[in-house]
Amino acid sequence: MKITGLSKSYIVWLVLIGLSPWYGKAQPQAVNITEVDSLMEQQAKPILFLLSTDWCTYCQMQQNQIQKNPDFVEYGDLFYFVIFDAESKADISFRGQPYSFRPTGKNTGTHELARALNGPGTLAFPTWVLLDQQYQVLFRHDGVLTAKQLKKLLDAIAGLQP
């Protein structure tokens, strides 16, 4: 089909170029927890964890907010971002130490790494944990971060840069 002398492929090309501002915007990319140790060996950066679960609606809401947050994208090269399922049943090695799922009931349980990152106290979802380049905890927050709170956290991460 031709539209006033233009071929189909040319029209598709024009449409794709027109949509590129929306599709071309970078989105924050979470790294898999299994990749963190090797990434830290290549280039040490702060690590920002979002501890969540599949059933947590606030966690899903927070993840959606992150995807739309331009500050998160802008600062994204300054840290590693990990979304960790606190109920994952996978055995994981982090900093050379093994962590695994620990049942707390018939169909429930939590991952040891989530408990270790959370520190003492009740594990809540979502929970944010920031580790520096030496894996020291700099920040913990249980609950949803507002855009303003997230911006302050990102500014703090930027301040960690040498």
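First, a word on scope: everything that follows refers to the structure included in this document. (Residues numbered from 1 in each chain as written. Predicted model: local features only at pLDDT ≥ 70, side-chain atom pairs only at ≥ 80, totals over all residues. Heavy atoms only, no water.)

## Overview of unusual backbone geometry
Now for step 1: With an omega dihedral of -5°, the bond running from Phe125 to Pro126 counts as a cis peptide bond.
Now for step 2: Within the secondary structure, Pro126 is located in the loop between helix H5 (112-118) and strand S7 (127-131).
Now for step 3: The backbone of Arg95 sits at a positive phi, close to 60°, despite the residue not being glycine.
Now for step 4: Locating Arg95 in the fold gives a position in the loop between strand S3 (92-94) and strand S4 (97-99).
Now for step 5: Of note in the backbone geometry, Tyr135 takes a positive phi value of approximately 70° without being a glycine. (Helix = DSSP H or I, 4+ residues; strand = E, 2+ residues; numbered from the N terminus.)

## Quick look at the packing of aromatic side chains
Now for step 1: The full count for this structure, using the stated rule, is 6 aromatic pairs.
Now for step 2: With a centroid separation of 4.9 Å and 75° between ring planes, the pair formed by Phe72 and Phe81 is classed as edge-to-face. Exposure class is identical for Phe72 and Phe81. Each is buried.
Now for step 3: Ring centres 6.3 Å apart and planes at 20° place the aromatic pair Phe81 and Trp128 in the stacked group. Taken together, the residues Phe81 in strand S2 (residues 80-85) and Trp128 in strand S7 connect sequence positions 47 residues apart.
Now for step 4: Taken together through their ring pairs, the aromatic side chains of Phe72, Phe79, Phe81 and Trp128 make up a single cluster.
Now for step 5: The ring centre of Phe101 lies 4.5 Å from the NZ or CZ of Lys89, which sits over that ring. (Phe/Tyr/Trp six-rings, centres within 6.5 Å; stacked < 30°, edge-to-face > 60°. Buried < 20%, exposed > 50% of the residue type's maximum accessible area, 1.4 Å probe, protein only. Lys NZ or Arg CZ within 6 Å of the ring centre and 35° of its normal.)

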